[in-house]
Amino acid sequence: MTEALAAGTREWVLSPESEYRFELEQGTSLAIKLVQGHAEIFGAELVDGKIYLFYEECKAAVFTWQGCTIQVTGQPSTEYISEETPMAAYANLHIAFEQMRIRSLDQMKGNYTAGGTPPHHGESTEPPRVLILGPENSGKTSIAKLLVNYATRAGQDWAPMLVNVDPGEGGCMIAGTISATPVSAPLQTSTPAHTLGNSVTSAPAHMMSNALVPLAYWYGHTETRRNPLLLDRLIRNLGENVWDRLAEDPQARASGTIVDTPSSFAASTGGGENHRQSLIKACVDAFRINVILVVGHEKLYVETQRAYAARGLTVVKIPKSGGVVELDALFRARARRAQIRSYFYGERVEAPRGLPSLGAPGAGPAAAAQANMLVAGEQPGDFSLAPASQVVAFGDLQIWRIGEETMAPSSALPIGATRVVSEMQPLAVDPAQAGAGLYNAVLALLAPPHADESERYDEEILDLHVVGFIVIMSIDVANKRMTVLAPSQGSLAGRTAIVGSLEWQD
Ligand SMILES: Nc1ncnc2c1ncn2[C@@H]1O[C@H](COP(=O)(O)OP(=O)(O)OP(=O)(O)O)[C@@H](O)[C@H]1O
């Protein structure tokens, strides 16, 4: 320990290829400063001398290849150094993917015919399109982030497509969505509410230098088994859109795709084996997967190998990190709530004691900037947002629910009558109807339908992507209007929204 350290600040010296792991409890924050050497967090490099803030139950690790010294302020519930990490295996994967990217770009640009070194016999000229499978808490999201971050740091202007098909997590948006995001700068870690960085829909773009622009679809539930057919369809929609975006851009296409999946793809619960297999297949088809990584699960690896190796896919078993934290259902629910809250209200971060406060308006951020503090890799400005609560007439907003009964229960139908609603059928929701299920519901606002009426079709709503989210705060049936929390004052008249099963209350 150095004597000059401020009270509450500790110094850790990390040997090469080791990592400092920490876990934060609710309401605590932690500051980490790199003072010597090189270090990274899930592949995003730390800048020497800057103070990085972590909050809202963040769990992560500072890893170093060559050795480093860090100063840590704040009190995590757990902190330790581990010399045993699977980083060498992950880095080897990255190197293999990097070679695939380069071969693929050379091929697309015709460099081989122009005298470049052609690929060896049997070497693929396809870019890496990778699906990550693994059980709950195996570190899938962290590996996806690491691989994407390493690609962006390669100095080749790669912008890999990071796809999240785990509606329980929501990627860089909110839970209930699946999304695809081109990533051109390393994703920073600071809070579990934004494991994959912030999207521009949750904060004004000018506030974030590395804001992400995802393409997202609304599934509306957190569990894949709730409506697997709908999820299958949305995954295929997303895949088609990703392909369209990449078609005209060789650099983006050669950058490849990394797909993070939910843990339900690894183990069937509640008799969902068929759905599990068909959802994996939907991903493989939709994103033209050529590599499947299976994290720390022998049986799943053998099974996946059997199913996909014969079709020409490379299936690789990779070790799970001992640092991955077991996250329970309550933690996940809190992270989802924090995600929605920060979509509407932005973030409020308190620096640990001993560092300048970020709370006081004006003076806080300035003092923090002077102290070289960073929140999610950004200068801490005023991260709070001002959502608008609007009163909307029932007829102004068209609300739909996909594939679920919203009308009277079947028991209320005439004897002998049955109502069949397909999983994919959009049903209009009448807010005046008892049991419409709209109170506190989170709704996704969709892109407008086709301008030409003749081009419209019944299930078009399933193919419209998400442009934002609203929450219904109160319903006034007598006056046929409702109060809605929206990110801005923009009029909602004539808009289309889908409700799922997500609810939120501040
Ligand atoms: N080496 C590490 N050191 C400390 N914490 C880690 C490490 N690797 C991952 N974590 C943390 O462990 C938690 C679980 O990891 P992650 O979300 O990557 O797993 P997952 O398999 O994607 O989870 P899920 O069950 O949601 O699919 C996260 O909070 C992550 O930040």
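Refer to the structure presented above.
Predicted, not measured: the structure shown is a model, and the values here were computed from it.

Q: How should I be thinking about the side chain of His221 in this particular structure?
A: With respect to the secondary-structure elements, His221 resides in the loop between strand E13 (215-218) and helix H3 (228-247). For His221, a relative accessible area of 2% translates into the label buried. One polar contact links His221 to Ser501, side chain to side chain, over a distance of 2.7 Å.

Q: Quick question: what am I supposed to make of the site of the ligand here?
A: Taken together, 21 residues form the shell around the ligand, and within it Lys59, Asn137, Lys140, Ser142 and Arg332 come nearest. Within the side chain of Glu19, a nitrogen or oxygen atom sits 2.9 Å from a nitrogen atom of the ligand. In the environment of the ligand, a nitrogen atom lies 3.2 Å from a nitrogen or oxygen atom belonging to the backbone of Gly323. Listed by contribution, the elements that provide at least two residues to the shell around the ligand are strand E2 (18-23), strand E7 (59-64) and helix H2 (140-152). Taken together, the residues of the shell around the ligand sort by class into seven nonpolar, seven polar and seven charged. For the shell around the ligand, the domains that each give at least three residues are domain 1 (9-84 + 346-375) and domain 2 (87-318).

Q: Can you walk me through the environment of Glu347 in this structure?
A: As for its placement among the helices and strands, Glu347 is situated in the loop between helix H7 (329-345) and helix H8 (363-370). Distance from Glu347 to Leu385, taken between C-alpha atoms, is 8.0 Å for residues 38 residues apart in sequence.

Q: Please clarify how helix H6 (residues 298-308) should be interpreted in this entry.
A: Structural remark: α-helix, 3.6 residues per turn; residues separated by three or four positions point the same way. If you check which residues of H6 are buried, you get Leu300, Tyr301, Thr304 and Tyr308. In a view along the axis of H6, the buried residues occupy a sector of 100°, so they form one face of it. In this structure, H6 carries Lys299 and Arg306 as exposed residues pointing more than 90 degrees from its buried face. At its buried positions, H6 is contacted by strand E10 (129-133), helix H5 (273-286), strand E15 (291-295) and strand E16 (314-318).

Q: In this structure, what is going on with unusual backbone geometry? I would like to understand it.
A: Unlike most non-glycine residues, Phe42 shows phi in positive territory, near 45°. As for its placement among the helices and strands, Phe42 is situated in the loop between strand E4 (40-41) and strand E5 (44-45). Phi is positive for Arg288, which is not a glycine, with a value near 45°. Relative to the elements of secondary structure, Arg288 occurs in the loop between H5 and E15.

Q: Explain the sheet that holds strand E3 (residues 30-37) here, please?
A: Strand pairing in a sheet is mediated by backbone hydrogen bonds. Such pairs are either parallel or antiparallel. The strand order across the open sheet formed by five strands is E1-E8-E3-E6-E17, and the pairing between neighbours is mixed. With partners counted over all chains shown, the strands left at the sheet margins are strand E1 (9-14) and strand E17 (373-375), one partner each. Averaged over neighbouring strand pairs, the angle between their axes works out to 30° when direction is ignored. Where E3 and strand E6 (residues 51-54) come together, four bridges link them in antiparallel fashion. Bridge pairing links Leu30 to Phe54 in E6.

Q: Explain the side chain of Ser104 here, please?
A: Structurally, Ser104 can be placed in helix H1 (residues 87-109). Setting aside residues up to four positions removed in sequence, Ser104 forms contacts with Thr125, Glu126, Pro127 and Ala254.

Q: Can you help me understand the packing of H3 against H5 in this one?
A: Each pair of packed helices can be summarised by the angle the axes make with each other and by the distance between the axes. Two elements in contact, H3 and H5, have axes whose closest approach is 8 Å; the angle formed by their N-to-C orientations is 10°. When the axis of H3 is compared with that of H5, the two are roughly parallel. Where H3 approaches H5, its residues Pro228, Leu231, Asp232, Ile235, Arg236 and Gly239 are matched on the opposing element by His275, Ser278, Leu279, Lys281, Ala282, Cys283, Asp285 and Ala286.

Q: I tried to follow the packing of aromatic side chains on my own but got confused; where do I start?
A: The description of an aromatic ring pair uses the distance of the two centres, along with the angle that the planes make with each other. Here the structure, examined in full by the defined rule, presents nine aromatic pairs. Relative to Trp65, the ring of Phe63 lies with its centre 4.8 Å away and its plane at 85°, an arrangement referred to as edge-to-face. Note on Trp65: relative accessible area 27%, which makes it partly exposed. With 6.4 Å between their ring centres and 40° between their planes, Tyr345 and Trp504 make a pair best called tilted. On the criterion of sequence distance, the pair formed by Tyr345 in helix H7 and Trp504 in the segment after strand E24 (496-503) is long-range, its members being 159 residues apart. Accessibility expressed as a relative area gives 25% for Tyr345, which makes it partly exposed. Given the relative accessible area of 6%, Trp504 is considered buried. Through a chain of ring-to-ring contacts, the aromatic side chains of Trp218, Tyr343, Phe344, Tyr345, Phe469 and Trp504 assemble into a single cluster.

So, how was this worked out
- Residues numbered from 1 in each chain as written.
- Predicted model: local features only at pLDDT ≥ 70, side-chain atom pairs only at ≥ 80, totals over all residues.
- Heavy atoms only, no water.
- Helix = DSSP H or I, 4+ residues; strand = E, 2+ residues; numbered from the N terminus.
- Buried < 20%, exposed > 50% of the residue type's maximum accessible area, 1.4 Å probe, protein only.
- Polar contact = N/O pair within 3.5 Å; in protein donor to acceptor, adjacent residues only side chain to side chain.
- Near = heavy atom within 4 Å.
- Nonpolar A, V, L, I, M, F, W, Y, C, P; charged D, E, K, R; others polar.
- Domains from an automatic or database assignment.
- Arc of directions from axis to C-beta.
- Contact = heavy atoms within 4.5 Å.
- Pairing = 2+ DSSP bridges.
- Axes fitted to C-alpha atoms, helices over the stretch in contact; angles between N-to-C directions.
- Parallel < 35°, antiparallel > 145°, perpendicular 65-115°, else oblique.
- Phe/Tyr/Trp six-rings, centres within 6.5 Å; stacked < 30°, edge-to-face > 60°.

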